[in-house]
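Next come the chains, spelled out residue by residue.
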Amino acid sequence: MVYQIYPRSFQDSNGDGIGDLNGITKHLDYLQKLGVNVIWLSPHYDSPNADNGYDIRDYRKVMREFGTMADFDRMLAAIKARHMRLIIDLVVNHTSDEHHWFVESRLSKGNPYRDYYIWRDGRPNPDDPSHPLPPNNYPSYFSGSAWQYDPPTQQFYLHLFAVKQPDLNWDNPRVRDDVFALMRFWLDKGVDGFRMDVIPLISKQPGLPDLTPEQLKDPSRLWANGPRRDEYLQQMNREALSKYDVMTVGEAIGITLEEETKIINSQRHELNMVFNFDAVRVNRGDGYTARNWTLPELKTIYDNHARVLGKDDWDTVFLSNHDNPRLVSNYGDDSTPEFRVRSAKLIATMLLTLRGTPFLYQGDELGMTNYPFTRYDQFDDIEVKNAYKEKVQTGKMPESQFVAEAHRFGRDNSRTPMQWSAAPNAGFTTAAAKPWLAVNPNYKTINAAEEVANPNSIYRYAQRAVALHHAHTAFVYGDYKDLDPTNTQVFAYTRSLDPSQHFLVVLNFGEKPVEYKLPEGIKVGKLLLGNLRGATEPGGSTLHLEGWEARVYEY
Ligand code: TEU
Ligand code: CA
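Residues numbered from 1 in each chain as written. Chains lettered and ligands numbered in written order. Predicted model: local features only at pLDDT ≥ 70, side-chain atom pairs only at ≥ 80, totals over all residues. Heavy atoms only, no water.

K.L.:
It is not clear to me how the site of ligand 1 should be interpreted in this structure. Could you clarify?
P.N.:
Surveying the vicinity of ligand 1 reveals 19 residues, the closest of which are Asp-51, Asp-197, Asp-323, Glu-383 and Arg-411. His-322 is positioned such that a nitrogen or oxygen atom in its side chain is 2.9 Å from an oxygen atom of ligand 1. Take Glu-383: an N or O atom from its side chain is 2.7 Å from an oxygen atom of ligand 1. Its residues placed into classes, the shell around ligand 1 shows 6 nonpolar, 3 polar and 10 charged. (Near = heavy atom within 4 Å. Polar contact = N/O pair within 3.5 Å; in protein donor to acceptor, adjacent residues only side chain to side chain. Nonpolar A, V, L, I, M, F, W, Y, C, P; charged D, E, K, R; others polar.)

K.L.:
In this structure, what is going on with the environment of Thr-374? I would like to understand it.
P.N.:
Its place among the elements puts Thr-374 in the loop between β13 (357–361) and α13 (382–391). On the basis of relative accessibility, which here comes to 57%, the residue Thr-374 falls in the exposed class. Once the C-alpha coordinates of Thr-374 and Leu-182 are considered, the two residues, 192 residues apart in sequence, prove to be 42 Å apart. (Helix = DSSP H or I, 4+ residues; strand = E, 2+ residues; numbered from the N terminus. Buried < 20%, exposed > 50% of the residue type's maximum accessible area, 1.4 Å probe, protein only.)

K.L.:
Help me understand the packing of helix α5 (residues 173–189) against helix α8 (residues 229–239) in this model?
P.N.:
Two measures define how a pair of helices packs: the angle their axes make with one another and the distance between the axes. Between α5 and α8, the least distance of the axes is 10 Å, while the angle of their chain directions is 40°. Accordingly, the angle class assigned to the pair α5 and α8 is oblique. Between α5 and α8 lies a crossing whose hand is right-handed. On α8, the residues touching Arg-176, Asp-177, Phe-180, Met-183 and Arg-184 of α5 are Tyr-232, Gln-235, Met-236 and Glu-239. (Axes fitted to C-alpha atoms, helices over the stretch in contact; angles between N-to-C directions. Parallel < 35°, antiparallel > 145°, perpendicular 65-115°, else oblique. Left-handed = near helix turned anticlockwise from the far one by under 90°. Contact = heavy atoms within 4.5 Å.)

K.L.:
I'm lost on the nonpolar core in this one. Help?
P.N.:
What tends to happen in soluble globular proteins is that the nonpolar side chains get buried as a cluster. One finds Phe-72 and Met-183 to be the most contacted residues of the largest nonpolar core, which totals 145 residues. A per-element tally of this core places α5 first, with 7 residues. Contact partners of Phe-72, with chain neighbours within four places excluded, come to Leu-21, Leu-41, His-44, Val-62, Leu-86, Ile-88, Trp-186, Lys-189 and Val-191. In terms of nonpolar packing, the next biggest core, distinct from the first, is built from 14 residues, Tyr-288, Phe-379, Ala-387 and Val-403 among them. (Core = buried A, V, L, I, M, F, W, Y, C linked by side-chain atoms within 4.5 Å.)

K.L.:
Would you mind going over the pattern of salt bridges with me for this structure?
P.N.:
Pairs can form between side chains of opposite charge whenever their charged atoms are close. Taken as a whole and assessed by the stated rule, the structure comprises 34 salt bridges. In this structure, Asp-150 and Arg-106 form a salt bridge, with 2.9 Å as the shortest nitrogen-oxygen distance. Of this pair, Asp-150 sits in strand β7 (residues 147–150) while Arg-106 is found in the loop between α4 (100–105) and β6 (119–120), placing the two residues 44 residues apart along the sequence. On the accessibility criterion, Asp-150 (5% relative accessible area) is buried. For Arg-195, the salt bridge goes to Glu-251, with nearest N and O atoms at 3.4 Å. One end of the pair, Arg-195, is in strand β9 (residues 193–196); the other, Glu-251, is in strand β10 (residues 247–251), with 56 residues separating them in the sequence. For the pair shown, Arg-195 and Glu-251 are each scored as buried. Residues joined by salt bridges that share partners form a network here, namely Asp-51, Asp-323, Asp-381, Glu-383, Arg-411 and Arg-415. (Salt bridge = Lys/Arg side-chain N within 4 Å of Asp/Glu carboxyl O.)

K.L.:
Just to check I follow, could you spell out the pairing of β7 for this structure?
P.N.:
Put simply, side chains in a regular strand alternate between the two faces of the sheet. Relative to strand β8 (residues 155–158), β7 is paired through 4 bridges, and the arrangement is antiparallel. Within β8, the residue paired with Tyr-149 across the bridge is Phe-156. The loop that links β7 with its antiparallel partner β8 comprises 4 residues; one of these, Gln-154, has a positive phi angle of about 55°. (Pairing = 2+ DSSP bridges.)

K.L.:
How should the sheet that holds β7 be read in this particular structure?
P.N.:
Pairing between the strands of a sheet is mediated by backbone hydrogen bonds and can be parallel or antiparallel. Strand order across the open sheet formed by 3 strands is β6-β8-β7, with antiparallel pairing between neighbours. In this open sheet, the two strands that pair with only one neighbour each are β6 and β7.

K.L.:
It is not clear to me how the sheet that holds strand β20 (residues 550–554) should be interpreted in this structure. Could you clarify?
P.N.:
The 5 strands lie next to each other as β14-β15-β16-β20-β18, forming an open sheet whose pairing is antiparallel. Looking at the sheet topology across the chains shown, the edges are occupied by β14 (479–482) and β18 (527–530). When the angles between neighbouring strand axes are averaged without regard to direction, this sheet yields 15°. In terms of strand pairing, β18 meets β20 through 3 bridges, oriented antiparallel. Looking at the pairing, Leu-527 lines up with Tyr-553 of β20. Running at roughly 15° to strand β15 (residues 490–497), helix α10 (residues 295–308) makes contact with β14 and β15 of the sheet.

K.L.:
Whenever I open this one, the coordination of the calcium ion (ligand 2) confuses me. Can you help?
P.N.:
Any two of four tetrahedral donors ideally make an angle of 109.5 degrees at the metal, while pairs among six octahedral donors ideally make 90 or 180 degrees. The protein atoms that coordinate the calcium ion (ligand 2) are Asp-12 (OD), Asn-14 (OD1), Asp-16 (OD), Ile-18 (O) and Asp-20 (OD), at distances spanning 2.3 to 2.4 Å. If you list the donors of the calcium ion (ligand 2) from N- to C-terminus, the spacing comes out as D-x1-N-x1-D-x1-I-x1-D. Of the residues examined, Ile-18 reaches a relative accessible area of 12% and is grouped as buried. (Donors = N, O, S within 2.8 Å, 3.2 Å for Na, K, Ca; no water.)

K.L.:
Explain unusual backbone geometry to me, please; I cannot follow it from the model alone.
P.N.:
The residue after Asp-498, namely Pro-499, is reached through a cis peptide bond having omega 5°. Positioned with a positive phi, Gln-154 is a non-glycine residue whose angle comes to about 55°. Note on placement: Gln-154 falls in the loop between β7 and β8. Despite not being glycine, Val-198 shows a phi value in the positive range, around 30°. When you line up the elements, Val-198 lands in the loop between β9 and α6 (213–216).

K.L.:
Mind showing me how you'd approach the pairing of β20 here?
P.N.:
In terms of residue burial, β20 counts as a mostly covered element, since 4 of its 5 residues are buried. Across 5 bridges, the pairing between strand β16 (residues 501–508) and β20 is antiparallel. The residue bridging Val-505 from the neighbouring strand is Val-552, located in β20.

K.L.:
What is the right way to look at the packing of aromatic side chains in this model?
P.N.:
For any pair of aromatic rings, the description rests on two quantities: the centre-to-centre distance and the angle between the ring planes. In this structure the tally under the stated criterion is 39 aromatic pairs. Measuring from centroid to centroid gives 6.0 Å for Trp-170 and Tyr-232, while their planes differ by 35°, and the two rings are tilted. Residue Trp-170 is located in the loop between β8 and α5, and its partner Tyr-232 is located in helix α8; the two are separated by 62 residues in the primary sequence. In this structure Trp-170 comes out as buried when scored by relative accessible area, which is 1%. Residue classification places Tyr-232 among the buried positions, given a relative accessible area of 0%. Look at Tyr-376 and Tyr-388: their rings are 3.5 Å apart centre to centre, the planes differ by 10°, and that puts the pair in the stacked class. (Phe/Tyr/Trp six-rings, centres within 6.5 Å; stacked < 30°, edge-to-face > 60°.)

Written out as structure tokens, the structure is:
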């Protein structure tokens, strides 16, 4: 089980309002007790923080706000001492514009680092010849064009994300060598692998032609399937990964399930796993808009995973991270305390019993919720700020609608400080400090201190669900079978590993109680896990499920 830490928001240890590495070290027992095997640490490197560390200025330095290299080494040793492992975030599709490679690169066309990035002449602008147009029509993920004009050399550079995140030119072999060297730097320190940020985007389309109107609807599809992607990942595997005992998981933005087998099939020696976005985005339309979805759609996704990914293609299971809303607000029901607790437990049950390595994001184990945003100035995220400029300041969207959508899907929901206790600032930082992003006001009731002590809490339930996952190899290696794909309210599936391990998971995905008749031939046995007390039904074939009730049986 992998637990993601967003260091800025986890624990501040020195009262500056920003989480840090010593703060993480302080809570390792908490993570160990939850049953965490691997910690994924979001970027901890030196960065001007245009995108909270996803814009790296120096890959070999720790961000000053997060501490020192000695703090990192102490944290790593303390993780290992608890038999956990650490993977770090490898952000190498782009760097910060303050990275010395880019500082050099932009100086002159003849600079030795010029070809570390992607520079092009603009296109003539008939209306205003002194302001050339971008080289092509690529949009940035963070609004506007993906090209930025740079006056010193009068060329544009490519940035698929923020203006301060220029894309590296992986077609340059020196870039690849330098990336593999920095990977070895951290691997030599003893880190246990990487989560790789937008890794499929590293191979650009030859000649960078304009996207067609069709391609413009989802540019990631093309960008993620560049011609040299697998060659580069295989080289990375050969020159860095294969020399260590490590785990890798790539962020597979823009890639279909069928395509992802190219990256993860173990015979191909690229990455171990990827995050496929099909499930986490099932309820999303364009931008921050919602999409109507049904439970059978989600089941189809998991069924496809079981069908398409064979024994050489290891899967991941996740529905949250630092780019998505809070798990319980997004897929459960946070409208009443009772349903929040039940639905958070139900989702934990699902994540820990589906097929693949489960990932939890910090605070999921507490059922932390979206922040009650009501105003634009409460947001910090560059994605929100750029979208606001493009949509609201141009009059394309009313401010109230923008705030409502960013409240529903914006990334700051999951980035508010971890709620450790009922103390001021939720114990994230000192009472006197101002946290870098506001603490969710519900911290007085939703916090780790309360939940660790309360045997009926989400945390304590998650602990049991993780333990169950670890206790039976069927949850790791077993077959997955959806018992009732078209049922719109109940998600029921089995995980089985012959000859003797047979588990049944039944999830009532909604507030309405339901009588659920099991398919022919299945009779429940011992109840191993359930999110409502007293669910002791005789070994029958009809289950009476309360709203958001979850159960795991032996059968
Ligand atoms: O995210 C890439 C990515 O998929 C985002 O475009 C995401 O879809 C969007 O932000 C959701 O609203 C990775 C990191 O996880 C993210 O935090 C970074 O901002 C981004 O790359 C650039 O490094
Ligand atoms: Ca701090």
